[in-house]
Amino acid sequence: MGGRLRRWVSSRRRPKLVSLRTTFAVSFAAVTAAVTVLVGVLSYSAAARLVRVDQESVFDEVVQDLRDEVRDRAMDPEDFSSSAPGHDIVRPARTDVQVLGPDGAVVDPGSPGLPVKDADREVAAAATAGTLTEHKDVDVGSDVYRVATVALGGGRGAVQVAQEFSDTEDLLRALQQRTLVLMIAVVTAAGLFGWWLARRITHRLVILTTAAEDVARTRRLGIQVPVTGYDEVGRLGRAFDRMLGRLAQSEEDQRRLVQDAGHELRTPLTSLRTNISLLRRIDELPPATRDELVADLGQEARELTDLVNELVDLAAGQSDTEPPQRVDLADLAEDVAGLARRRTGRRILVRTSGDTTTDGRPGMLQRALSNLVENATKFDREGRAPIEIDVTGPARPGTVRVEVLDRGPGITESDLTRVFDRFYRAADARSLPGSGLGLSIVREVALAHGGAAFAFRRTGGGSVIGFTVGGGLGD
């Protein structure tokens, strides 16, 4: 019961997943709706204001013309009768005119008839021509009018001018309804378009997500990511594809390293087991055999230790976290040469030319240089000539070339292409100590620094083995 309750609470707390496609479509529709409503409201308000102002300005002009006319000359109610020929008032559309007598009685009714209020009667009896009174929002039947009453002066009556505003409001309501329908249509279309656009944009992201889920589920790194385009999604897809390729290569390198290391470790371990089994009968062995057995055990232990150390160096070279910095390879070469002189007593010459500085990881580069010098001292056992280290730069901006030259037996043509393979040892070197990993580490370091390793036969005998660095640190 408690477990069910915890699962229920966990499911209640877990947020619901909303797809990016839905989020994008809803956001697009929401933004479009907000913009459409804002534009619609502003447009309607501006249009309504313009229409109302235009109607009011026309009405004001008619009233002002009427006032100017009755002020300029004395006029009677008959002058404004709709039945009298040549009546002198302009009647715009939706304008109604009604004439009042001196007592405020209707002399010539409008169509429709307009209501007469006390203020209108007072204006009709006014002595001053052009006296004005106005009434807004006057209901006449089912319509709404604005009414202005203008005195003829001398108590001769007045003229009422009215303009219908209900038609204008009906027009504006129709405009409002159409604007609302248009906004709904635009928002709906924007939502559909946003959904289509989101589906089009997120389609490649869905492919990337599916590929990532497949990798997580199957642990297969060789999945091809079919993503095209040159936008951010396309770049992400290609970067993801390259990342999977590098991870697959790293996994293959690790698998091959483990297999090769296991194969190489079998020989010294088998020999150790054999010699250890002989130790049980050490009392039965003659003194010379005992000494030989102990020497073999020491030699095998040292070889096993060297092999393990080089495996650790190789693994560290593949995933080195040492921060890159500006390195002078000429100084590194002097340090390595000095250490090798003290260890072996050999003459080691260092020659430098040009700018030998580059961006790199000092520990890795020193390890590569040490391996080259140790390899030269191991194969040039007679040591009649000094070992030479040439550091030259730059062949092109930012690149440095390092060569280690010896006068040993040299490398055969068949071995030149394989000397940098892991655990590879030439036939004439299998009796010498070593694991076959030293030059492989050199190649790994060179590749990690944007360069390459090389080897060739030296004129006059011996070998030239080295590497170049530059062109940027590898990932």
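The rules we used
- Residues numbered from 1 in each chain as written.
- Predicted model: local features only at pLDDT ≥ 70, side-chain atom pairs only at ≥ 80, totals over all residues.
- Heavy atoms only, no water.
- UniProt positions renumbered as here; feature names shortened; annotations may be inferred.
- Patch = residues over 30% accessible without salt bridge, like charges linked within 9 Å, V, L, I, M, F, W, Y side chains within 5 Å.
- Areas by Shrake-Rupley, 256 points an atom, 1.4 Å probe, with all protein chains shown as cover.
- Salt bridge = Lys/Arg side-chain N within 4 Å of Asp/Glu carboxyl O.
- Lys, Arg positive; Asp, Glu negative; His and termini not counted.
- Charge placed at Lys NZ, Arg CZ, Asp CG, Glu CD.
- Helix = DSSP H or I, 4+ residues; strand = E, 2+ residues; numbered from the N terminus.
- Expected span 1.5 Å × (residues − 1).
- Buried < 20%, exposed > 50% of the residue type's maximum accessible area, 1.4 Å probe, protein only.
- Phe/Tyr/Trp six-rings, centres within 6.5 Å; stacked < 30°, edge-to-face > 60°.
- Axes fitted to C-alpha atoms, helices over the stretch in contact; angles between N-to-C directions.
- Left-handed = near helix turned anticlockwise from the far one by under 90°.
- Contact = heavy atoms within 4.5 Å.
- Nonpolar A, V, L, I, M, F, W, Y, C, P; charged D, E, K, R; others polar.
- Pairing = 2+ DSSP bridges.

Per an unreviewed UniProt entry, the protein goes by histidine kinase and derives from Streptomyces aurantiogriseus. Quoted verbatim from the Subcellular location (unreviewed entry) heading of the UniProt record, the comment on the protein is "Cell membrane". According to the UniProt record, the Catalytic activity (unreviewed entry) comment for the protein is "ATP + protein L-histidine = ADP + protein N-phospho-L-histidine."

1. With respect to a negative patch on the surface
Residues Asp54, Glu61, Asp65, Asp68 and Asp72 make up a contiguous surface patch of negative charge. Summarising the element assignment, aspartate 54 is placed in helix α2 (residues 20-72).

2. Concerning helix α8 (residues 362-379)
In this model α8 runs 26 Å from its N-terminal to its C-terminal C-alpha over 18 residues, within 8% of the 26 Å that 1.5 Å per residue would give. Summarising burial for α8: 13 of the 18 residues are buried, a large majority.

3. Notes on the packing of aromatic side chains
Under the counting rule described, the total for this entry stands at two aromatic pairs. With a centroid separation of 6.2 Å and 15 degrees between ring planes, the pair formed by phenylalanine 454 and phenylalanine 456 is classed as stacked. Since its relative accessible area comes to 14%, phenylalanine 454 is described here as buried.

4. Section: the packing of α8 against helix α10 (residues 438-448)
Two numbers describe how α8 lies on α10: the axes approach to 9 Å, and their chain directions differ by 145 degrees. Classified by chirality, the crossing of α10 by α8 is left-handed. Contacts between α8 and α10 involve Met364, Leu365, Arg367, Ala368, Asn371, Leu372 and Asn375 from the first element and Gly438, Leu439, Ile441, Val442, Val445 and Ala448 from the second. A breakdown of the residues in the contact of α8 with α10 according to their chemical character gives nine nonpolar, three polar and one charged.

5. Some details on the side chain of asparagine 375
Relative to the helices and strands, asparagine 375 is located in helix α8. Relative accessible area serves as the criterion here: at 15%, asparagine 375 is assigned to the buried category.

6. Comments concerning the sheet that holds strand β4 (residues 143-151)
If you walk across this open sheet you meet the five strands as β2-β1-β5-β4-β3, and the pairing is antiparallel. Of all strands in the sheet, those with a lone pairing partner are β2 (106-108) and β3 (132-140), marking the two edges. Neighbour-to-neighbour, the strand axes of this sheet turn through a mean angle of 30 degrees, independent of strand direction. Bridge count for strand β1 (residues 95-100) against strand β5 (residues 158-164) is six bridges, and the pairing is antiparallel.

7. Considerations on the pattern of salt bridges
Under the counting rule described, the total for this entry stands at 10 salt bridges. Its salt-bridge partner being glutamate 134, residue arginine 146 comes within 2.8 Å of it at the nearest N-O pair. Of this pair, arginine 146 sits in strand β4 while glutamate 134 is found in strand β3, placing the two residues 12 residues apart along the sequence. The shortest N-O distance in the salt bridge between aspartate 359 and arginine 326 comes to 3.1 Å. Taken as a pair, aspartate 359 in strand β8 (residues 357-360) and arginine 326 in strand β6 (residues 325-328) lie far apart in primary sequence, 33 residues in all. Given a relative accessible area of 46%, aspartate 359 falls into the partly exposed group.

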